[in-house]
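# Coordinates in review
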Amino acid sequence: MKRLGVLLCAAMLAGAARYETSGPDTEAFIQPIEGLDGEHAARFRKGSGIFRQAWVIGPSQDHPDFIGLGPLYNRLSCIACHVKNGRGAAPDSENGVARTMAARLSVEGKDAHGGPRVHPDYGAQLNPEGVPGVAGEGQAVVEYAEFDVALSDGATVRLRRPTLSFRNLAYGPLGPETKTSLRNAPPVFGLGLLEAVAESEILAGAGRPNFVFSVETGQRRLGRFGLKANQPHLKQQIANAFVEDIGVTSSLFPVESCAPSQSECRRGASTTELTDAQLAAVVTYIRALAPPARRNLGDPRVKDGEILFHEIGCSTCHRDALHVADFSLQPALNGVEIHPYTDLLLHDMGDGLADGRDDFEAGPRDWRTPPLWGLGLAGKGGDGADFLHDGRARTPAEAILWHGGEAQSSADAFRNLPELQRDALLAFLNSL
């Protein structure tokens, strides 16, 4: 009730502006924040079209504005991985090939800017596809080994531990020194609001910041996007995804992602493919996507679960309240309290979730606290409903039980809860 009151007061102070959307469950992740002016609404629609557009190999009379696919790429479009703007799905059990996940690659050491030192023969991530004349790099394959975890009341939960391997590598073996990190496509709604949270409020949280390199300014900036908080702002996050995932260059990343030894790929290098206007439209689209409103607030189990969420320590990292400092797309939201359930900071999650790979100041066991808003609607719109950085958890309960490191005590507390209280906590998570 206290939180509802705060929400209502914040909305009144902000001229009744809403930051959440209450559309149908199947459309919950694709709605814009209310009140965009004409210019921003038009740019949102343009960005939505680009986000969905399949890029092609040039020349093309049918799609002259979307030329630039490859030479190496993962998928043809943004929406291919971020289905309905939600999370990706774990590989199917038949062949295990990762399709909505990126396999990041690096070797020991750091690059000139303090980031991971990319693999000399494959670059920053594995691209399974190539345009004609350029061999795709290979496939990342995920297999799962299942095992049971006992809860204190005798119930069991079956977890699955992923193992990453590679198939059909076209440019030679990766080598034993290669560090890998499998990263599932995360949801993309609500990110503009997170970008608008003041840095000082983020740094006041209990986690550790990841200071990363800003390509645009050449300075170290607080990372707040990406599964290890390795991107400072949405423009860089989006432009990086275009060049690494689709092979589409931009003014921020004007060089194709081709390793030095990939001669065919380097011959296909081209000029800037994504125009600044197109990049700005996609950035506006992502910035303006609203998170879904909570549901079932009157359910007693949800209320009890919210109390337990705080009592067992989940809210230490999954902060339930942050504030919008400066949101240029909708100034009426400035100062509004939002409830993303993240602190945007790094936390040691233990050996069970470690990927063995540094990323700027994030260590192998560190992950950025993911936002939980929209959690209960995962999978409703045709997106994936697999959780954690590599999609290993099929339910929120599995995700909780994988928590280790700084979150070990919360996972242990969940394991020791009576069934009714566990169900209440899960009902609360399902209301987000």
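The coordinates are above.
What you see is a predicted model, and the numbers here were worked out from it, not measured in a lab.

Reading the values: the criteria
- Residues numbered from 1 in each chain as written.
- Predicted model: local features only at pLDDT ≥ 70, side-chain atom pairs only at ≥ 80, totals over all residues.
- Heavy atoms only, no water.
- Disulfide = S-S within 2.5 Å.
- Buried < 20%, exposed > 50% of the residue type's maximum accessible area, 1.4 Å probe, protein only.
- Pairing = 2+ DSSP bridges.
- Helix = DSSP H or I, 4+ residues; strand = E, 2+ residues; numbered from the N terminus.
- Axes fitted to C-alpha atoms, helices over the stretch in contact; angles between N-to-C directions.
- Parallel < 35°, antiparallel > 145°, perpendicular 65-115°, else oblique.
- Contact = heavy atoms within 4.5 Å.
- Nonpolar A, V, L, I, M, F, W, Y, C, P; charged D, E, K, R; others polar.
- Phe/Tyr/Trp six-rings, centres within 6.5 Å; stacked < 30°, edge-to-face > 60°.
- Lys NZ or Arg CZ within 6 Å of the ring centre and 35° of its normal.

## What to know about the state of the cysteines
- With the rule as written, the count across this model stands at one disulfide.
- One disulfide in the model links C258 with C265; its S-S distance is 2.0 Å. Between C258 and C265, the disulfide has an S-S torsion of -65 degrees and is therefore left-handed. The two residues C258 and C265 agree in class, both being buried.

## Things to note about the sheet that holds strand β2 (residues 101–110)
- Ordered by their spatial adjacency, three strands build an open sheet running β3-β2-β7, and the pairing between neighbours is antiparallel. Looking at strand neighbours, the two that pair on one side only are β3 (116–118) and β7 (179–184), the edges of this open sheet. Taken over all neighbouring pairs, the strand axes of this sheet differ in orientation by 55 degrees on average, direction set aside.
- Looking at chain direction, β2 and β3 are connected through three bridges and run antiparallel. Among the inter-strand pairings, S106 is bridged to a residue of β3, identified as V118.

## Digging into the packing of helix α2 (residues 38–52) against helix α7 (residues 276–288)
- α7 packs onto α2 with a crossing angle of 100 degrees between their chain directions and a minimal axis gap of 7 Å. When the axis of α2 is compared with that of α7, the two are roughly perpendicular. Seen from α2, the contacting residues are H40, R43, F44, K46, G47, S48, I50, F51 and R52; seen from α7, they are A277, Q278, A280, A281, V282, T284, Y285, I286 and A288.
- Here the residues of the contact of α2 with α7 sort into 10 nonpolar, five polar and three charged.

## Brief notes about the packing of aromatic side chains
- Per the counting criterion, the structure on display carries 11 aromatic pairs.
- Pairing F29 with F189 gives two aromatic rings, centres 4.3 Å apart and planes at 25 degrees, and the pair type is stacked. Taken together, the positions of F29 in the loop between α1 (2–13) and α2 and F189 in the loop between β7 and α3 (191–195) put the pair 160 residues apart, joining distant regions of the chain.
- Where F309 meets Y341, the ring centres are 5.8 Å apart and the plane angle is 85 degrees; that geometry is what we call edge-to-face. Highlighted residues: F309 in helix α8 (residues 300–311) and Y341 in the loop between β11 (337–338) and β12 (346–348), separated in sequence by 32 residues.
- Assessed through its relative accessible area of 2%, F309 is described here as buried.
- Among the aromatic residues, those joined into a cluster by ring pairs are F44, F51 and Y285.
- A cation over an aromatic ring shows up here: K228 above the ring of W367, its NZ or CZ 4.2 Å from the ring centre.
- Positioned above the aromatic ring of W402 is the side chain of R392, whose terminal nitrogen or guanidinium carbon lies 4.3 Å from the ring centre.

In short, geometric facts, not functional conclusions.
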